[in-house]
Amino acid sequence: MNLLFQIWGGGFYLANKTLLAIAEGKSRQSKRILKMSGWLIYILGVPAWVIILISKQNWIAASIEVGGVPSMVLGLYSVYKESVSSPRSLNIFAQAITCTSLALGVGYSIHVYGGINSVTQCLEIGVMVGFLLGSYFLALNRAYGWLFFMLMNGSMATLMFIQSKPILSIQQLCSLGFVIYGFMVAIKTKKRKTFRSSAL
């Protein structure tokens with residue numbers, strides 16, 4: 001069963017990063033379809049990750065998986081509506097859930113472990129910051145969201161390696177490659193658009 005959850009969670013998350021990275025630089029319609037698929041497939045992978053992380057008592061990482069869902073829904077909505085900005089109420093809701101998840105996850109971990117006193121907790125904090133801010137900024141079509149995803153993937157790959165989850169560790173390293181690719185393409189696309197605008 002443990003192997004099944006690793007394949008489910010790892011496969012869906014790798015597909016998410018792959019689709020989002022490939023979407024950068026594509027034509028408008030292709031980009032829209034790829035991004036919608038990426039956000040949706042990520043949401044479907046959340047249950048497996050939550051089960052895996054809770055089983056290892058990674059409370060911070062588990063809470064951010066749940067807390068990141070509104071940002072994923074925000075991303076899905078923005079792409080579906082083909083809008084750079086999202087409704088203020090949805091944006092506030094996503095921010096509130098994100099902040100609440102941060103507080104609950106860190107608070108409970110500190111309560112259980114008597115403070116931040118382990119390597120795994122530090123790695124979880126890296127995952128937390130990278131995941132929540134990366135998801136939020138990418139949902140708003142901000143290229144630097146990819147930088148936070150790099151932090152997340154690196155931290156999670158190390159955490160899974162330490163906790164004897166080799167499939168998930170390899171998946172995170174593969175995801176990191178797609179994240180770096182996505183960031184490079186997003187920056188090139190942004191520069192190209194800026195150049196065109198200035199030329200006009």
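Anything mentioned here points back to the structure above.
This structure is a prediction, so every number in the text was calculated from the model and none was measured.

(A) Quick peek at the side chain of Glu124. If you trace the backbone, Glu124 turns up in helix H6 (residues 119-139). Here Glu124 occupies a buried position and makes no salt bridge, while the nearest side chain of opposite charge, Lys56, is found at 12 Å. With near-sequence residues (within four places) excluded, Glu124 lies in contact with Asn58, Trp59, Ile60, Ala61 and Leu159.

(B) Molecular detail of a nonpolar patch on the surface. Judged by side-chain polarity, Leu3, Ile7 and Ile167 come together as a nonpolar surface patch covering roughly 260 Å² of accessible area. Examined against the element boundaries, Ile167 turns out to sit in helix H8 (residues 166-199). Residue Ile167 is classed as partly exposed on the basis of its relative accessible area, which comes to 34%.

(C) Fine view of the nonpolar core. Formed by 35 residues in total, the largest nonpolar core has its most connected members in Trp49, Leu53, Phe131, Trp146, Met156 and Met160. Counting residues per element, the ones that place at least two in this core are helix H1 (2-23), helix H2 (28-55), helix H3 (59-67), helix H4 (69-80), H6, helix H7 (145-162) and H8. In terms of residues, this core owes the most to one element, H2, which gives 8 residues. Formed by 6 residues, the second largest nonpolar core is a distinct cluster that contains Ala94, Tyr136, Phe137 and Leu140.

Cut-offs used in this document
Residues numbered from 1 in each chain as written. Predicted model: local features only at pLDDT ≥ 70, side-chain atom pairs only at ≥ 80, totals over all residues. Heavy atoms only, no water. Helix = DSSP H or I, 4+ residues; strand = E, 2+ residues; numbered from the N terminus. Buried < 20%, exposed > 50% of the residue type's maximum accessible area, 1.4 Å probe, protein only. Lys, Arg positive; Asp, Glu negative; His and termini not counted. Salt bridge = Lys/Arg side-chain N within 4 Å of Asp/Glu carboxyl O. Contact = heavy atoms within 4.5 Å. Patch = residues over 30% accessible without salt bridge, like charges linked within 9 Å, V, L, I, M, F, W, Y side chains within 5 Å. Areas by Shrake-Rupley, 256 points an atom, 1.4 Å probe, with all protein chains shown as cover. Core = buried A, V, L, I, M, F, W, Y, C linked by side-chain atoms within 4.5 Å.

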